Amino acid sequence: MHFQGMTLNIPNVINRKLIYCIVAIVLSLHASAQTDRVIKIACIGNSITYGAGIQDRERNSYPAQLQQMFGKRWEVRNFGLNGRTLLKKGDYPYWNERELIEVKEFNPNVVIIMLGTNDTKPWNWKYKNEFVSDYEKFIDEFQKIESHPLIYICIPVPAFPGDWGIRDSIIRVDIIPSIKQIQREKNVSLIDLYTPFTGKSELFPDEVHPNQDGARLIAREIYNILYQDYHLIKSPPAIYPIPTVRQLEWQNLEYYCFLHFTTNTFTDKEWGYGDEPESIFNPVEFDAEQIVRVVKDAGMKGLIITAKHHDGFCLWQSKYTEHSVKNSLWRDGKGDVVEDLSDACKKYGLKFGVYLSPWDRNHRDYGKSEYLEYYRNQLRELLTNYGEIFEVWFDGANGGDGYYGGEHGTRMIDRKTYYDWKETWKIVRELQPNAVMFSDVGPDIRWVGNENGYAGETCWSLYGPAGKQNDEPAPGYTKYKEAIEGHRDGKLWLPAECDVSIRPGWFYHEREDTLVKSAKKLFDLYLQSVGRNGSLLLNIPPDRRGRFNKKDIKVLMEFKKLRDAAFASNLAKGANVTASNYRYNDIHFSPDNVLDDDKNSYWATDDSVISASLLIDFKRQITVESVLLQEYIALGQRIESFIVDGWDGKAWKILSSGTTIGHKRILAFSEYKVSKIRLNIIKSKSSPVISNVEVY
Ligand code: FUL
């Protein structure tokens, strides 16, 4: 036995050491294989990328020089093709080339697109209206690739007068703004190759193609950006659809104000018929600053005014109708509610938005095609004359009885076709490219499907609205009940906005002074909207004086206090945080990132890890009653099931659980005493990416 023991023992020690050694080697190989993974860059472009006119282009084209700068841990491949256009209808569209397939087969981590120069030729640029949509579709081609590459689009280098038909003026006036628009729309990265070449015509011997030194300048610019973005390149692939930049900016607002104010305030109605005399609108004490100050003090980030409700009365000096403040008694017909509010918002640093009811019960042309022109003209006025607009609100209530210029009657419209929404939306994009548009079908944010201010416990920002008969949807014509949860596999990124009034009605009615919602009720709604990946659009109707009623103000401030108290001090600050896995063991993706104040840093796991846990150790006992979680949604919404549990000194106890997280999830529960909290991600569409965890 003794001998046996000896013989067993010696090899055991050796074995163990050997195993440790092997494990260590394997782990380090594994880690370095992950960190040293070759990063593949596909350079897509025309002759400028190809390196036309450059001596020894195999070594001196910009992709070749980029390769030299990066060295062998990167593989840069030149997919440049002479004369190619981005436009599908151009003379030599890149679209038709085998290279497009080859790029996909290459499975790049980075795609750099520099196209557009050949599109400026007159015979190509006659299709300029298709440039943006073709470019966006072109980007879609690469977003579909398995490797989910990070996509960079380039503002092309300048062209100096030459006889190729290429026009620098078009690059400047049309291509540059279009590319900037596309960048925001598709949330891809931008590389400006135009500016670095200003005044450097000597680098363009034939006036269009940069020489070897020019190619070096391009490579250097790209290198600097990619080098800075190195961790981005290694970041988790996006899971589509993802938000646009404007949607991301909107999502951060979370809580903002709706103002329902018009002749209804004076007639005591909710829906004016459209025959109200203009004179009736007379808010003698109207004070935009009083309103905006309250909104600001209440912690809201913006305000949306019913510039025109269904009755058609316009709160601004529209030149297209007489049915407006212009003919009211208020300020001798010189007042402009929209202007005063937008000025006050500017002064107090709030965002400003407009509601323009498509249905107009006053207008004689409503229901006819002429009305569309009227509606769009009004939209143009609002989007041109009142500074920056953050949101345009398109209502779904459409058609019915009304005054209609004295003709009285019922006018029904086909909600699917009448408004030709796509054309109307273009006006908003053109005049206020940063504004989000709200409706039952987006295109930027969706109605949550109820007017009670809450989203579903499961709430995806992904949504694919369907028409009532499963046909083409339209505002006022959707299976709106599905909007409360959205769709896990929805085709569009359309986050939910939860609208609700502080009173039963949207407009002010004295009889509702006793029916103002309590601060506690508003707090619950906050948890059920903002705390469930939506936003809270809270309506507070000014009264007949044109001011907020003191009852509403009181509740708003109490509600603010409740929020401030509930989220006063984040107990997770200074705690120790670890995770079951983090990406490449690279600090850029380490669990600490959930506790810093940077919402753009995050904890992410390796691609293959889709269930993982995060442990927060407070190193002392704390009393906890809510946990706030945020996904880094710029890379898509991923998590579909999770549990939060707490260590009470003896065992793990489930504190709460949920399905989706998205931009923000707040879990409120009864008090627990714990020393550790664990977030267990049970199921995720792809590797989880968490940007923030707070504990209260
Ligand atoms: C609805 C309208 O009919 C209501 O009057 C209110 O404006 C609400 C916010 O939207 O569809």
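Residues numbered from 1 in each chain as written. Predicted model: local features only at pLDDT ≥ 70, side-chain atom pairs only at ≥ 80, totals over all residues. Heavy atoms only, no water.

Description of the overall build of the chain
For the chain, the count of helices and strands is 18 helices and 24 strands. What you see for the chain is a C-alpha radius of gyration of 29 Å, in line with the 26 Å of a compact globule of 696 residues. Summarising its shape, the C-alpha atoms of the chain cover approximately 100 × 80 × 45 Å along the three principal directions. Burial analysis of the chain (696 residues in total) assigns 57% to the buried set. Residue pairs in contact within the chain that sit at least 24 positions apart in sequence constitute 77% of those at least 6 positions apart. Accessible surface for the chain amounts to roughly 28900 Å². Of this, 51% is attributable to carbon and sulfur atoms. (Helix = DSSP H or I, 4+ residues; strand = E, 2+ residues; numbered from the N terminus. Rg over C-alpha atoms; globule rule 2.2 N^0.38 Å. Buried < 20%, exposed > 50% of the residue type's maximum accessible area, 1.4 Å probe, protein only. Contact = heavy atoms within 4.5 Å. Areas by Shrake-Rupley, 256 points an atom, 1.4 Å probe, with all protein chains shown as cover.)

Section: the packing of helix α4 (residues 62-70) against helix α9 (residues 212-228)
Between two packed helices, what matters for the description is the angle formed by their axes and the separation of those axes. Relative orientation of the contacting elements α4 and α9 amounts to 50 degrees, with a least axis distance of 8 Å. For the element pair α4 / α9, the angle class is oblique. Along this stretch, α4 crosses α9, giving a crossing that reads as right-handed. Contacts between α4 and α9 pair Y62, Q65, L66, M69 and F70 from the former with Q212, A215, R216, I218, A219, R220, I222, Y223, L226 and Y227 from the latter. Across the contact of α4 with α9, the residue classes break down as 11 nonpolar, two polar and two charged. (Axes fitted to C-alpha atoms, helices over the stretch in contact; angles between N-to-C directions. Parallel < 35°, antiparallel > 145°, perpendicular 65-115°, else oblique. Left-handed = near helix turned anticlockwise from the far one by under 90°. Nonpolar A, V, L, I, M, F, W, Y, C, P; charged D, E, K, R; others polar.)

Observations regarding the site of the ligand
Around the ligand, the neighbouring residues are F258, H260, W271, H309, H310, Y355, W393, D395, A397, E451, D499 and W506. One of the side-chain nitrogen or oxygen atoms of W271 is found 3.1 Å away from an oxygen atom of the ligand. Y355 places a side-chain nitrogen or oxygen 3.1 Å from an oxygen atom of the ligand. With the chains in place, 91% of the 290 Å² that the ligand exposes on its own is no longer accessible. Residues that form the shell around the ligand fall into these classes: six nonpolar, three polar and three charged. (Near = heavy atom within 4 Å. Polar contact = N/O pair within 3.5 Å; in protein donor to acceptor, adjacent residues only side chain to side chain.)

Notes on the nonpolar core
If you look at the biggest cluster of nonpolar residues, it comprises 78 residues, and the most contacted ones within it are L303, I305, V337, L341, F352, V392 and L538. If one sorts the elements of this core by residue count, helix α15 (residues 369-385) sits on top with seven residues. If we ignore the near neighbours within four places in the chain, the residues touching F352 are L303, I305, V338, L341, S342, C345, Y386, E388, I389, F390 and E391. By size, the runner-up hydrophobic cluster in this structure holds 36 residues, among which are L81, W95, V103 and I145. (Core = buried A, V, L, I, M, F, W, Y, C linked by side-chain atoms within 4.5 Å.)

Focus: the pattern of salt bridges
Scanning the entire structure with this criterion turns up 49 salt bridges. The closest approach of N and O atoms between E75 and R77, which form a salt bridge, is 3.1 Å. In this structure, E289 engages K347 in a salt bridge whose closest nitrogen and oxygen atoms are separated by 3.1 Å. Taken together, the residues span a long stretch of sequence, with E289 in helix α13 (residues 288-297) and K347 in helix α14 (residues 337-348) at a distance of 58 residues. Assessed through its relative accessible area of 55%, K347 is described here as exposed. A network of salt bridges, in which partner residues are shared, links E185, R246, R429 and D444. (Salt bridge = Lys/Arg side-chain N within 4 Å of Asp/Glu carboxyl O.)

Observations concerning the pairing of strand β21 (residues 639-647)
Judged from the eight bridges that link them, β21 and strand β23 (residues 665-684) form a sheet pairing that is antiparallel. Residue pairing for β23: S641 is matched across the bridge by K683. The pairing of β21 with strand β22 (residues 652-658) spans six bridges and is antiparallel. Looking at the pairing, I643 lines up with S657 of β22. (Pairing = 2+ DSSP bridges.)

Points about the domain arrangement of the chain
As far as domains go, the chain holds domain 1 (2-232), domain 2 (247-566) and domain 3 (576-695). Here the C-alpha centroids of domain 1 and domain 2 sit 43 Å apart. (Domains from an automatic or database assignment.)

With respect to the state of the cysteines
This model, assessed by the stated rule, comprises zero disulfides. C257 provides the cysteine sulfur closest to C345, a residue in no disulfide bond, and the two sulfurs are 9.0 Å apart. Left without a disulfide partner, C459 is nearest to the cysteine sulfur of C498, which lies 6.7 Å away. (Disulfide = S-S within 2.5 Å.)

Comments concerning unusual backbone geometry
Here the bond from Y240 into P241 is cis, since omega is 0 degrees, no more than 30 degrees from zero. Counting through the fold element by element, P241 comes out in the loop between α10 (230-233) and α11 (245-251). Cis geometry marks the peptide bond from G442 to P443; its omega dihedral reads 15 degrees. Assignment of secondary structure puts P443 in the loop between β12 (436-439) and β13 (445-447). Of note in this structure, N585 is not a glycine but carries a positive phi near 50 degrees. With respect to the element layout, N585 can be found in the loop between β18 (576-579) and β19 (603-604).

Section: empty space enclosed by the protein
For the structure on display, the rule yields one cavity of 30 Å³ or more. When its volume is computed, the largest cavity comes out at roughly 40 Å³. Taken together, S47, I48, G51, A52, I54, H209, P210, A215 and I218 form the lining of the largest cavity. Among the elements of the structure, α2 (47-50) and α9 are those that each provide at least two residues to the lining of the largest cavity. Its residues placed into classes, the lining of the largest cavity shows six nonpolar, three polar and no charged. (1 Å grid on protein atoms, 1.4 Å probe; cavity = no way out; pocket = protein on both sides within 12 Å on 5 of 7 lines; lining within 4 Å. Points joined across faces, edges and corners; volume = space filled by probe spheres on them.)

What to know about α14
Its 12 residues place the ends of α14 16 Å apart at the C-alpha level, agreeing with the 16 Å of an ideal helix rising 1.5 Å per residue. Buried residues in α14 make contact with β6 (255-259), α13, β7 (302-308), β8 (351-356) and α15. A side-chain oxygen of the first residue of α14 lies 3.1 Å from the backbone nitrogen of V338; this N-cap is D336. (Expected span 1.5 Å × (residues − 1).)

A closer look at the packing of α13 against helix α18 (residues 550-566)
Two elements in contact, α13 and α18, have axes whose closest approach is 9 Å; the angle formed by their N-to-C orientations is 25 degrees. Put simply, α13 runs roughly parallel to α18. Along its contact with α13, which presents Q290, V294 and D297, the element α18 presents I553, L556, M557 and K560. In terms of residue class, the contact of α13 with α18 is made up of four nonpolar, one polar and two charged.

Description of the packing of aromatic side chains
Applying the stated rule across the entire model yields 46 aromatic pairs. Between Y526 and F567 the ring centres are 6.4 Å apart and the planes differ by 45 degrees, which places this aromatic pair in the tilted class. With Y526 in helix α17 (residues 519-529) and F567 in the loop between α18 and β18, this residue pair connects regions lying 41 residues apart in the sequence. In this pair, the class of Y526 matches that of F567, namely buried. One aromatic cluster is present, formed by Y366, Y371, Y374, Y375, F394, Y404, Y418, Y419 and W421 through successive ring pairs. Across the ring face of Y463, the terminal group of R446 is positioned such that the distance to the ring centre comes to 5.0 Å. The cationic tip of R563 hangs over the ring face of Y526; the distance from NZ or CZ to the ring centre is 5.5 Å. (Phe/Tyr/Trp six-rings, centres within 6.5 Å; stacked < 30°, edge-to-face > 60°. Lys NZ or Arg CZ within 6 Å of the ring centre and 35° of its normal.)

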